[in-house]
Amino acid sequence: MLGLKTHIRQDAITDEELLTLARKVVSSYVTKKSIPHREEADVTMAIIEKFLIKKTVILGRFKGESKFSTYCFAVLNRMCCEVIRNQQKSWNLSEKQDIPELADTLSQTDLLLIKEEIKLLHRIFFLFGSEKHKIKLFFAFFYQLQVLETHLESYDAKYKIHLLEEIFLKDHEFSKGEMYQILAEVIKVVENKEMKPDAVRMWMNKCRTTIIERLNANAYYCAYDSDSFQALFEYCLHSEAVERELTLELNNY
């Protein structure tokens, strides 16, 4: 680490440079049809606004491990992914118009940095001990991400007997209230523990807050919030190779 954050000037990136980078980021997603062309200007301004709101924190977290423009591009790319995930349904994009892989838009340096963040999130999950599998499964369900049988088996060895496949592996549309009710019922069946839906909600909120606090103690790019945690979690959920690598590393300590 070069410890540059105490030397970063607040005007290290001009408004014109920020606009150019933001347009470049958004344009790449418009080209891949992840953002409707009609939304290009609005999304560009949205990520610029996000950047400016967190500018002091973003500059303070710059480690000098890449060019500053590359660092800012990665920050804006992350913010753009957040906007896409939040607005994708309202844009009525077809199922085939998914968010492009990071490899399509980021340099090898950026990808290595993001891999380190995914690795950091895996480390944080390890700190939850035996609850890590439950937390990952429940958030995957809550964020409506693809759940694999390996996720079910890690949480409950008797997942077939408990018919968890019917809940987690099928396409359903649930409200948040319904999700908490379902997860409360899952806890009752799997853990033989009575828990009200509101208690499940509070437990998940507490877990998310703890994870975000730990991410922010080490994050490279910017201060994490609920949206950026969700984006990172989605990349992390199916990064089995990174998890295996980290498991071997921890076992060698």
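Residues numbered from 1 in each chain as written. Predicted model: local features only at pLDDT ≥ 70, side-chain atom pairs only at ≥ 80, totals over all residues. Heavy atoms only, no water.

Caption draft 1: Representation of the packing of helix H1 (residues 15–31) against helix H2 (residues 40–53). H2 packs onto H1 with a crossing angle of 130° between their chain directions and a minimal axis gap of 9 Å. With respect to H2, the axis of H1 lies oblique. Here H1 and H2 pass one another in a crossing that is right-handed. When H1 is examined against H2, the residues Leu18, Leu19, Ala22, Arg23, Val26, Ser27 and Val30 are found in contact with a partner set consisting of Glu40, Val43, Thr44, Ile47, Ile48, Phe51 and Leu52. Considering only residue class, the contact of H1 with H2 consists of 10 nonpolar, two polar and two charged. (Axes fitted to C-alpha atoms, helices over the stretch in contact; angles between N-to-C directions. Helix = DSSP H or I, 4+ residues; strand = E, 2+ residues; numbered from the N terminus. Parallel < 35°, antiparallel > 145°, perpendicular 65-115°, else oblique. Left-handed = near helix turned anticlockwise from the far one by under 90°. Contact = heavy atoms within 4.5 Å. Nonpolar A, V, L, I, M, F, W, Y, C, P; charged D, E, K, R; others polar.)

Caption draft 2: Layout of helix H9 (residues 176–191). For H9, with 16 residues, the first-to-last C-alpha span of 22 Å sits near the 22 Å given by 1.5 Å per residue. Taken together, the buried positions of H9 are Met179, Tyr180, Ile182, Leu183, Ala184, Val186, Ile187 and Val190. Where H9 is buried, its residues contact helix H6 (132–142), helix H7 (149–155), helix H8 (164–168) and helix H10 (197–216). Looking one or two residues beyond H9, the residue adopting positive phi is asparagine 192, at roughly 55°. (Expected span 1.5 Å × (residues − 1). Buried < 20%, exposed > 50% of the residue type's maximum accessible area, 1.4 Å probe, protein only.)

Caption draft 3: Fine view of the packing of H6 against H9. H9 packs onto H6 with a crossing angle of 150° between their chain directions and a minimal axis gap of 11 Å. Between H6 and H9, the crossing angle belongs to the class labelled roughly antiparallel. Taken as a pair, H6 and H9 cross one another with a handedness that is right-handed. Seen from H6, the contacting residues are Lys134, Phe138, Phe141 and Phe142; seen from H9, they are Lys176, Met179, Tyr180, Ile182, Leu183, Val186, Ile187 and Glu191.

Caption draft 4: Looking closely at the packing of aromatic side chains. Under the counting rule described, the total for this entry stands at 14 aromatic pairs. Ring centres 5.9 Å apart and planes at 35° place the aromatic pair phenylalanine 229 and phenylalanine 233 in the tilted group. Residue phenylalanine 229 and its partner phenylalanine 233 are both found in helix H11 (residues 226–237); the two are separated by four residues, about one turn of the helix. Relative accessible area serves as the criterion here: at 0%, phenylalanine 229 is assigned to the buried category. A relative accessible area of 0% places phenylalanine 233 in the buried class. Three or more aromatic residues joined by ring pairs form one cluster here, namely Phe125, Phe139, Phe142, Tyr143, Tyr180, Phe229 and Phe233. Between the NZ or CZ atom of lysine 134 and the centre of the ring of tryptophan 203, over which it lies, the distance is 4.5 Å. Taking NZ or CZ as reference, arginine 214 lies 5.3 Å from the ring centre of phenylalanine 128, over its face. (Phe/Tyr/Trp six-rings, centres within 6.5 Å; stacked < 30°, edge-to-face > 60°. Lys NZ or Arg CZ within 6 Å of the ring centre and 35° of its normal.)

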